[in-house]
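# Observations on chain architecture
Next come the chains, spelled out residue by residue.
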Amino acid sequence: MTTLLHVAGLNAGYGSSRVLRNVSLDITPGSVVCVMGRNGAGKTTLLKALMGVIPKQGSVVLQGSDITRWSSHRISRAGMVWVPQEDTVFPGLTVREHLTVACRHQEVAAAVAAAATLFPVLGDRLDQEAQTLSGGERKMLAIAQALEASPKLILMDEPTEGVAPVVVQDLITAIRVASRNAAIVLVEQNVDTAVAVGSYAYILERGQIVESGAIKELHEDGVLEERLGL
Amino acid sequence: MSIIATLLPVDSFNIVVLAAVFVLIALGLHITFGMLGVLNLAHGEFLLIGAYTAFQIQEATGSVVLGMALAPIVAGIIGVIVERSILRFLYQRPLDSLLATFGVSLIIRQAIQLRYSANPRTVTDPIGGSFVIAGYNIPWWRFVIVIATIALVTATLALINRTRFGLNARATIRNPILADTMGINTSTVRTALFALGAAMAGIAGALIAPINTLNPSFGVLFLVNSFLVVIIGGQGSLRGLVTAAVLLGGSLAILQFLISTVFAQILVLVIAIVGVRTRPLIVDAVNKRRDRLAFLRSRRTRTPVS
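The structure contained in this document is the topic of the report that follows. (Residues numbered from 1 in each chain as written. Chains lettered and ligands numbered in written order. Predicted model: local features only at pLDDT ≥ 70, side-chain atom pairs only at ≥ 80, totals over all residues. Heavy atoms only, no water.)

When helices and strands are tallied, chain A shows ten helices and ten strands. Compactness check: chain A gives a C-alpha radius of gyration of 17 Å against a globular reference of 17 Å for 230 residues, within 12% of the reference. Based on the C-alpha atoms only, the size of chain A along its principal axes is roughly 45 × 35 × 35 Å. Taking all 230 residues of chain A together, 55% fall into the buried category. (Helix = DSSP H or I, 4+ residues; strand = E, 2+ residues; numbered from the N terminus. Rg over C-alpha atoms; globule rule 2.2 N^0.38 Å. Buried < 20%, exposed > 50% of the residue type's maximum accessible area, 1.4 Å probe, protein only.)

Written as structure tokens, this is what we have:
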């Protein structure tokens, strides 16, 4: 099968502190790949490095293009988008303006309508400032924005973390909808959620990949639970 | 009350003109400092560039209108050069950007002094003459300044609030990392914003040149008032900027009529200090009222989510 994203020998960190060490992974089109690990394992750092938010060494190839040295906006325009864990809104901008900012390939009205169909609650709050939304609504908005870019690959950083159970189900549905047209790299702490939506998993420990494989097999063999200390 | 009643009919247009000039000179700083957050001590020199461009073109071609049309272009291009070569590396270092723009201001001022000397220069009033309303003589050019100010504020509001560029600019300012990861070239947006601020200063300098005498220190005179207007008006608030400009410009016009210019400027500084001290209370009260109204509105439509 062709590879959508090929990462080899990735090292990244903050200042002189190295967090990721020689990380290599492959993402195939249409897959939902979970990145799992304990707190501080380097999951968020991995997504930030792939997205060009922090400097990195190694090789990152997206659909044949070496994007290792590309800036974040260029990576985004190449089809890889990011749903961050926090800081997901622009203070002072309304929900409609957030959806407009993210809209690149389609009419704004159509994109807003699509977002409101996927998340009806956002449709009720289009003219509300996004920083006044609840945590769950902000996650919905971030996912809706990611989908508007018609991406090939979505990097999602713990989209269900800190969200009420009733909203988690909506977000899982949205992740499934998103996976119809794009591959997803999903950082997820909750094993049940990861198993429900994921097809493959990489497990990080201290910035290194220590296990990988089909997520259901890792779950059935108890590897996930063992590695995550559950 | 009787003083104001006596004063206003005589000086009301001068109050409007001075308030307009305050808005005009602060508009560029509203973008470079209020929006971009650059403590731009070279703002006065961009006014200077605009004024001297009008003067230079007037001398070379005899057309001051052409000079005024070119003033924002020249100031904008120099703005691009300053941003790309210096400021783009200093957005996370405000004190360094303060020093850098101070250096830029010295270079521009000395370059103009070398080229044109320190001798006073004049830019011709492009229209000349005046018209009479209710028995009061109103100079045409001052009227043009007021109209141009209204037009520039309206255009800036429309650009920031109604265009894709404005939306990208607001997103870049509010959360640059997120904006970048959404495909916005934040570096280009910042360059464009700084150039726009410089161009606004350039056109302001050109417009007010005919009612002032030019010299290389011309821009410095307006720098303090520009910062006062932007700080009192609130960083990033164009409505606040206009309110502060009307407050300070209007106060200065009235006080200059009543007392000496020096004491008027001192009293305006006192008003500015009081404005800075009380602004958070006023903004807080306004925000609380707005939030309360938004909450009441959302309760009518809200469906519980989390």
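Now for the sheet that holds strand β3 (residues 32-37) of chain A. All names here are of chain A. Across the sheet, six strands lie side by side as β6-β7-β8-β3-β9-β10; this open sheet has mixed pairing. Of all the strands in the sheet, the pair left with one neighbour each is β6 (80-83) and β10 (208-214). With strand direction ignored, the average angle separating the axes of adjacent strands in the sheet is 15 degrees. In this structure, strand β9 (residues 200-205) lies alongside β10, joined through six bridges in antiparallel fashion. Across the sheet, residue alanine 201 finds its bridge partner in β10, namely glycine 213. (Pairing = 2+ DSSP bridges. Axes fitted to C-alpha atoms, helices over the stretch in contact; angles between N-to-C directions.)

With that settled, consider helix α9 (residues 218-233) of chain B. All names here are of chain B. Compared with an ideal rise of 1.5 Å per residue, which puts 16 residues at 22 Å, α9 spans 24 Å between its outermost C-alpha atoms and is within 8% of the ideal. Those residues of α9 lying buried are Phe218, Gly219, Phe222, Leu223, Asn225, Ser226, Phe227, Leu228, Val229, Val230, Ile232 and Gly233. One or two positions beyond α9, positive phi appears at glycine 234, with a value near 95 degrees. (Expected span 1.5 Å × (residues − 1).)

Residues and elements named next belong to chain A. Three or more residues of helix α4 (residues 108-118) are buried, namely Ala111, Val112 and Ala115. All buried residues of α4 project into a common sector of 100 degrees when viewed along the axis, lining one side. Looking at α4, the residues exposed on the side facing more than 90 degrees away from the buried face are Ala109 and Thr117. Considering only its buried residues, α4 is in contact with α3 (95-102) and α6 (135-148). (Arc of directions from axis to C-beta. Contact = heavy atoms within 4.5 Å.)

Residues and elements named next belong to chain B. With the rule as written, the count across this model stands at ten aromatic pairs over all chains. Aromatic side chains tyrosine 52 and phenylalanine 55 sit 6.1 Å apart centroid to centroid with 80 degrees between the ring planes, which places their arrangement in the edge-to-face category. One end of the pair, tyrosine 52, and the other, phenylalanine 55, are both in helix α2 (residues 43-61), three residues apart, so they sit about a helical turn from each other. Relative to tyrosine 116, the ring of phenylalanine 55 has its centre 5.9 Å away and its plane inclined at 75 degrees; by these criteria the two rings are edge-to-face. Highlighted residues: phenylalanine 55 in helix α2 and tyrosine 116 in helix α4 (residues 94-116), separated in sequence by 61 residues. An identical accessibility class is assigned to phenylalanine 55 and tyrosine 116; each is buried. (Phe/Tyr/Trp six-rings, centres within 6.5 Å; stacked < 30°, edge-to-face > 60°.)

Moving on, we come to the packing of helix α5 (residues 140-162) of chain B against helix α6 (residues 164-174) of chain B. Residues and elements named next belong to chain B. It is the contact of α5 with α6, at a shortest axis distance of 5 Å, that shows an interaxial angle of 70 degrees. In terms of orientation, α5 lies roughly perpendicular with respect to α6. Residue-level inspection shows Leu159, Ile160, Asn161 and Arg162 of α5 in contact with α6, the latter providing Arg164, Phe165, Gly166, Leu167 and Arg170. Here the contact of α5 with α6 is composed, by residue class, of four nonpolar, two polar and three charged. (Parallel < 35°, antiparallel > 145°, perpendicular 65-115°, else oblique. Nonpolar A, V, L, I, M, F, W, Y, C, P; charged D, E, K, R; others polar.)

Residue and element names in this part refer to chain B. The geometry of helix α3 (residues 64-85) relative to helix α8 (residues 186-208) is characterised by a closest axis approach of 7 Å and an angle of 145 degrees between their N-to-C directions. Crossing of α3 against α8: the hand is right-handed. Residues Met68, Ala71, Pro72, Ala75, Gly76, Gly79, Val80, Val82, Glu83 and Arg84 of α3 touch α8, and the partners they reach there are Ser187, Arg190, Thr191, Phe194, Ala195, Ala198, Ala199, Gly202, Ile203 and Ala206. (Left-handed = near helix turned anticlockwise from the far one by under 90°.)

This part is about the sheet that holds strand β5 (residues 65-66) of chain A. Residues and elements named next belong to chain A. Read from one edge to the other, the open sheet built from four strands follows the order β2-β1-β4-β5, with strand pairing classed as antiparallel. Looking at the sheet topology across the chains shown, the edges are occupied by β2 (17-27) and β5. Inspection of the sheet shows strand β1 (residues 5-14) paired to strand β4 (residues 56-62) by six bridges, in the antiparallel sense. Residue pairing for β4: alanine 8 is matched across the bridge by serine 59. Sheet strands touched by helix α1 (residues 43-51): β1, β2 and β4. Its angle to β1, the strand with the most contacts, is close to 110 degrees.

Once that is clear, we can look at the side chain of glutamate 97 of chain A. Tracing the backbone through its elements, the reader meets glutamate 97 of chain A in helix α3. For glutamate 97 of chain A, a relative accessible area of 18% translates into the label buried. Here arginine 170 of chain B takes part through its side chain, which lies 3.0 Å from a polar atom of the side chain of glutamate 97 of chain A. Once residues within four sequence positions are removed from consideration, glutamate 97 of chain A is found in contact with Gly92 of chain A together with Leu167 and Arg170 of chain B. (Polar contact = N/O pair within 3.5 Å; in protein donor to acceptor, adjacent residues only side chain to side chain.)

Looking at where arginine 170 of chain B falls in the secondary structure, it is placed in helix α6. Take arginine 170 of chain B: its relative accessible area is 9%, and that puts it in the buried class. With residues near it in sequence (within four places) discarded, arginine 170 of chain B still touches Leu93 and Glu97 of chain A together with Ile160 and Asn161 of chain B.

It is worth spelling out the pattern of salt bridges at this point. Close approach of charged atoms allows side chains with opposite charge to pair. For the structure on display, the rule yields seven salt bridges over all chains. Notably, a salt bridge pairs arginine 170 of chain B with glutamate 97 of chain A, separated by 3.0 Å at the nearest N-O pair. Here arginine 170 of chain B, found in helix α6, pairs with glutamate 97 of chain A, found in helix α3, and the two come from separate chains. Exposure class is identical for arginine 170 of chain B and glutamate 97 of chain A. Each is buried. Two residues, arginine 227 of chain A and glutamate 205 of chain A, come together in a salt bridge whose shortest N-O distance is 3.2 Å. Of the two residues, arginine 227 of chain A sits in helix α10 (residues 223-228) while glutamate 205 of chain A sits in strand β9, which places them 22 residues apart along the sequence. Each of Glu205, Glu211 and Arg227 of chain A takes part in one network of salt bridges that share partners. (Salt bridge = Lys/Arg side-chain N within 4 Å of Asp/Glu carboxyl O.)

Residues and elements named next belong to chain B. Inspection of the secondary structure puts alanine 285 in helix α11 (residues 261-301). A relative accessible area of 48% places alanine 285 in the partly exposed class. It is 33 Å that separates the C-alpha atoms of alanine 285 and alanine 201, two residues lying 84 residues apart in sequence.

Residues and elements named next belong to chain A. Taken across its six residues, β3 has six buried, putting it largely inside the fold. As paired strands, β3 and strand β8 (residues 183-187) are joined by four bridges and run parallel to one another. Its bridge partner being in β8, valine 35 is matched across the sheet by valine 187. One ladder, built from five bridges, connects β3 with β9; its direction is parallel. Note that in β9 the partner of glycine 37 across the bridge is leucine 204.

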